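# Coordinates in review
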Amino acid sequence: MAFDGITVAAVTHELHSILLDGRIAKIAQPEPDELLLTIKTVSGTHRLCLCASASLPLVYLTKDTKTNPLTAPNFCMLLRKHIGNGRICGISQPSLERIIEFTIEHRNELGDLCQKYLIMELMGKHSNLILCDENRVIVDSIKHVSSQTSSVREVLPQRPYFVPNTMEKQDPLSVDFDGFSRILSRKELPLGKAIYTAFTGISPVASEDICHRASLDSALPFSQLSFSEKTALYRQFDAVMHLVKTRQFTPVIYYDNGLPKEFSALSLLSFEQAYPSSSPSGISQMLRDYYAQKNTLVRIRQKSADLRQVVQTALERNRKKYHLQSRQLDDTRDRELFRIYGELIHTYGYSLSPKSRQLTALNYYTNEEVCIPLDPDRSPSENAQHYFEKYNKKKRTFETLSLLIEETKKEILYLESVSTSLDLASEEEDLIQIKEELIQAGYIKRKTSRRKTSRPSSPLHYLTGDGYHIYVGKNNLQNEELTFSFAEGNDWWFHAKGVPGSHVILKSKQKEPPTSAFEDAGRLAVYYSKSRGNDKVEIDYVQRKHVKKPKGGKPGFVVYYTNYSLVIDSDISSLALLPGQP
């Protein structure tokens, strides 16, 4: 969900209920485009983060602190002068714009009571923080926008402040049915797109959800709807706007395979059945949870880029090698034919006349007549020997290539398992362990440098509803340790069939676990594999004592000759992830 007008309305409502009449005790600017205000209210001290980042503008309450520069930036010093120790006497949002206005009362150098406006604009790359005086004249801003940058509005000291209306969107909070119909009738666009391009503060996701609530296809244009369908659409649109006007916000985060997919200040009925969700205690909590998880994934993805490049390069090289070896192996498929030609020449060659160019003979293996090309300058025995030499050469090539192809195939499987481990990595310690594995495998050279030893990465630990403990390896080294050092003989071992994935250990408690515990372990094996997200995946499971490590095998590679199977999905929402090591 974009940080749309509905989300801003929810943030404004929360800030109004918590910060109104609070005093600004501290003002800090930890980043060039971010402010951190410490505000004291009757209920306690609160920190307000105002971030005007072009990539991720945010406004939320936080308990975290950030390191500030030794010398405060000019904008921070200006705010301290004008609104330091000021009282927040108003927090509002104009219409459903992505704008929050803080009205602040303070006393100037002469002791006179003055009023200032701190305006937060959350508009993507155009996001800004602007300080205005009582006449709405700009005092200064965290980002200056000159006429060379924007032809619509200058954001510079002594310029009048106004909200540009470049999109000519309408206020969704005050529109009636006739106005709603008239506005959408002018747009020859799919219904979903027409709504969010016609009205202020509505994101594409919210627009699609309104269509879903009205049971309408969002791809249809408004002009193709019947009167009853238009009425139903407006009724749902008005119902959503009523929730906004009456401040009935229900913050929610939706997850796809355990990863945050979408957030919203209002429940999205189009997501309810498709994705599991969580309900944070407030809008700030929702934003913190969503972006904290998103930022963690982005950070891990960035830090694993070098390792991914190493693995991907090695994979491409081995796949090319496998393709070439397979083609060469195909060239040896006719080797037996040359042996048979040699035998037939030995058998029937006595009847050949000198300088013969071919021999027609009965193949006593198939009872079919064959025509064998001959070299007229060679005797029958020399022709036979020539075919035997070709046979032996292709036989040696076949035997050698068969071994090489098997080795290359194992290497590809190993590298694919490392690639899956990188996808499963959730913290920096996981990447350190995977890098060590690649060093041991010879894909990365070890650099001798003194580094601070980090804590080792641990397998994931889950608890089932029946009280059974399940452990999941996040990479090949952890899989090896989990299976052959941690698990006991009567514990149960699980793995997705035929695809790279984690080793999953179900602790048996020295008794037969219930069916539900086996299903939970199977779901974890699907979730932490390359088949994550598939509806039905086959899982192999067997008692740990039947799992063996092949001699000279790569880390995490095992063999087993008897097993049970189950087919299951990857929904692990009912399982509790526990902290700590096994």
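Keep in mind it's a predicted model, so treat the numbers as computed, not measured.

When its secondary structure is counted, the chain shows 14 helices and 21 strands. Against the 2.2 N^0.38 benchmark of 25 Å for 582 residues, the chain shows a C-alpha radius of gyration of 35 Å, more extended than a compact globule. C-alpha extents for the chain along the principal axes are approximately 125 × 60 × 50 Å. Of all 582 residues assigned to the chain, the portion counted as buried reaches 46%. Within the chain, counting contacts between residues at least 6 apart in sequence, those at least 24 apart form 59% of the total. About 30400 Å² of surface is accessible on the chain, with carbon and sulfur atoms providing 49% of the total. For the chain, the distance from the average position of its 75 positive side-chain charges to the average position of its 69 negative side-chain charges is 5 Å.

As a further point, take the pattern of salt bridges. Under the counting rule described, the total for this entry stands at 23 salt bridges. Across the salt bridge formed by Lys507 and Asp491, the nearest N and O atoms sit 2.7 Å from each other. Of the two residues, Lys507 sits in the loop between β18 (504–506) and α14 (515–527) while Asp491 sits in the loop between α13 (476–486) and β17 (492–496), which places them 16 residues apart along the sequence. When sorted by exposure, Lys507 lands in the same class as Asp491, which is buried. One salt-bridge network, in which partners are shared between bridges, spans Asp21, Arg87 and Glu105.

The antiparallel open sheet is built from 3 strands, whose spatial order is β11-β10-β12. Edge strands, defined here as strands with exactly one partner in the open sheet, are β11 (259–264) and β12 (277–278). Pairing analysis gives 5 bridges linking strand β10 (residues 252–256) to β11, with the strands arranged antiparallel. Following the sheet pairing, Tyr254 is matched in β11 by Glu262.

Moving on to the state of the cysteines. Inspection of the entire model under this criterion finds 0 disulfides. Here Cys76 stays unpaired: no disulfide links it, and the sulfur of Cys49, its closest cysteine neighbor, is 13 Å away. Among the residues examined, Cys76 registers a relative accessible area of 0% and is labelled buried. No disulfide involves Cys132; its nearest neighbouring cysteine sulfur is the one of Cys89, lying 15 Å away.

The antiparallel open sheet is built from 7 strands, whose spatial order is β20-β19-β17-β18-β16-β15-β21. Two strands lie at the open edges of the sheet, namely β20 (564–568) and β21 (576–578), each paired on one side alone. Within this sheet the neighbouring strands show an average axis-to-axis angle of 30 degrees, counted without direction. Relative to β18, β17 runs antiparallel, the two sharing 3 bridges. Looking at the pairing, Trp492 lines up with Leu506 of β18. In the packing of α13 onto the sheet, the strands contacted are β16 (469–472), β17 and β18, and the crossing angle to β16 comes to about 140 degrees. Against the sheet, α14 engages β15 (460–463), β16, β17, β18, β19 (537–543) and β20, with an angle of about 40 degrees to β17.

Glancing now at the environment of Gln312. Take Gln312: it is sitting in helix α9 (residues 305–330). On the basis of relative accessibility, which here comes to 34%, the residue Gln312 falls in the partly exposed class. It is 42 Å that separates the C-alpha atoms of Gln312 and Gly5, two residues lying 307 residues apart in sequence.

Generally speaking, soluble globular proteins have nonpolar side chains that are buried together. Core analysis: the biggest nonpolar cluster contains 74 residues, and Ile6, Leu48, Leu50, Phe199, Leu233 and Phe237 have the highest contact counts within it. For this core, the element with the most residues is helix α1 (residues 5–19), which contributes 7 residues. Look past the residues within four positions of Leu50 in its chain and what remains in contact with it is Asp33, Glu34, Leu35, Leu37, Leu58, Val59, Phe102, Leu118, Met120 and Leu129. One finds Phe494, Tyr541, Leu566 and Leu575 within the second-largest nonpolar core, a separate group that totals 26 residues.

Turning to the packing of helix α4 (residues 191–198) against helix α5 (residues 204–213), a few remarks are in order. In contact at an axis separation of 8 Å, α4 and α5 are set at 125 degrees when each is read in the N-to-C sense. With respect to each other, α4 and α5 are oriented oblique. Where α4 crosses over α5, the handedness of that crossing is right-handed. Across the interface between the two elements, Leu191, Gly192, Ile195 and Tyr196 from α4 touch Pro204, Ser207, Glu208, Ile210 and Cys211 from α5. Split by residue class, the contact of α4 with α5 holds 6 nonpolar, 2 polar and 1 charged.

If you trace the backbone, Ala361 turns up in strand β13 (residues 358–363). Between the C-alpha atoms of Ala361 and Thr347, which are 14 residues apart in sequence, the distance is 9.2 Å. Discounting chain neighbours no more than four positions away, the residues touching Ala361 are Tyr348, Glu368, Glu369 and Val370.

In this section: the pairing of β19. Across a regular strand the side chains alternate sides, sitting on one face of the sheet and then on the other. When you tally the buried positions in β19, you get 6 out of 7 residues, the bulk of the element. By the bridge criterion, 5 bridges tie β17 to β19 in an arrangement that is antiparallel. Residue pairing in the sheet places Ala496 in a bridge with Ile539 of β19. As defined by bridge partners, β19 adjoins β20 across 5 bridges and the pair is classed as antiparallel. Counterpart to Val537 in the pairing with β20 is Ile568.

The subject of this paragraph is the packing of aromatic side chains. Evaluated as defined, the whole model comprises 27 aromatic pairs. Between the aromatic rings of Phe338 and Tyr387, the centroid separation amounts to 6.0 Å while the plane-to-plane angle is 20 degrees, which identifies the pairing as stacked. Placement of Phe338 in helix α10 (residues 335–348) and of Tyr387 in helix α11 (residues 380–424) is noted, with a sequence separation of 49 residues between them. For the pair Phe338 and Tyr387, one class covers both residues: buried. Plain terms: the ring middles of Tyr341 and Tyr387 are 5.3 Å apart, the flat faces sit at 80 degrees to each other, and that makes the pair edge-to-face. With Tyr341 in helix α10 and Tyr387 in helix α11, this residue pair connects regions lying 46 residues apart in the sequence. A single burial state applies to Tyr341 and to Tyr387, both of which are buried.

Cut-off values and rules
Residues numbered from 1 in each chain as written. Predicted model: local features only at pLDDT ≥ 70, side-chain atom pairs only at ≥ 80, totals over all residues. Heavy atoms only, no water. Helix = DSSP H or I, 4+ residues; strand = E, 2+ residues; numbered from the N terminus. Rg over C-alpha atoms; globule rule 2.2 N^0.38 Å. Buried < 20%, exposed > 50% of the residue type's maximum accessible area, 1.4 Å probe, protein only. Contact = heavy atoms within 4.5 Å. Areas by Shrake-Rupley, 256 points an atom, 1.4 Å probe, with all protein chains shown as cover. Lys, Arg positive; Asp, Glu negative; His and termini not counted. Charge placed at Lys NZ, Arg CZ, Asp CG, Glu CD. Salt bridge = Lys/Arg side-chain N within 4 Å of Asp/Glu carboxyl O. Pairing = 2+ DSSP bridges. Disulfide = S-S within 2.5 Å. Axes fitted to C-alpha atoms, helices over the stretch in contact; angles between N-to-C directions. Core = buried A, V, L, I, M, F, W, Y, C linked by side-chain atoms within 4.5 Å. Parallel < 35°, antiparallel > 145°, perpendicular 65-115°, else oblique. Left-handed = near helix turned anticlockwise from the far one by under 90°. Nonpolar A, V, L, I, M, F, W, Y, C, P; charged D, E, K, R; others polar. Phe/Tyr/Trp six-rings, centres within 6.5 Å; stacked < 30°, edge-to-face > 60°.

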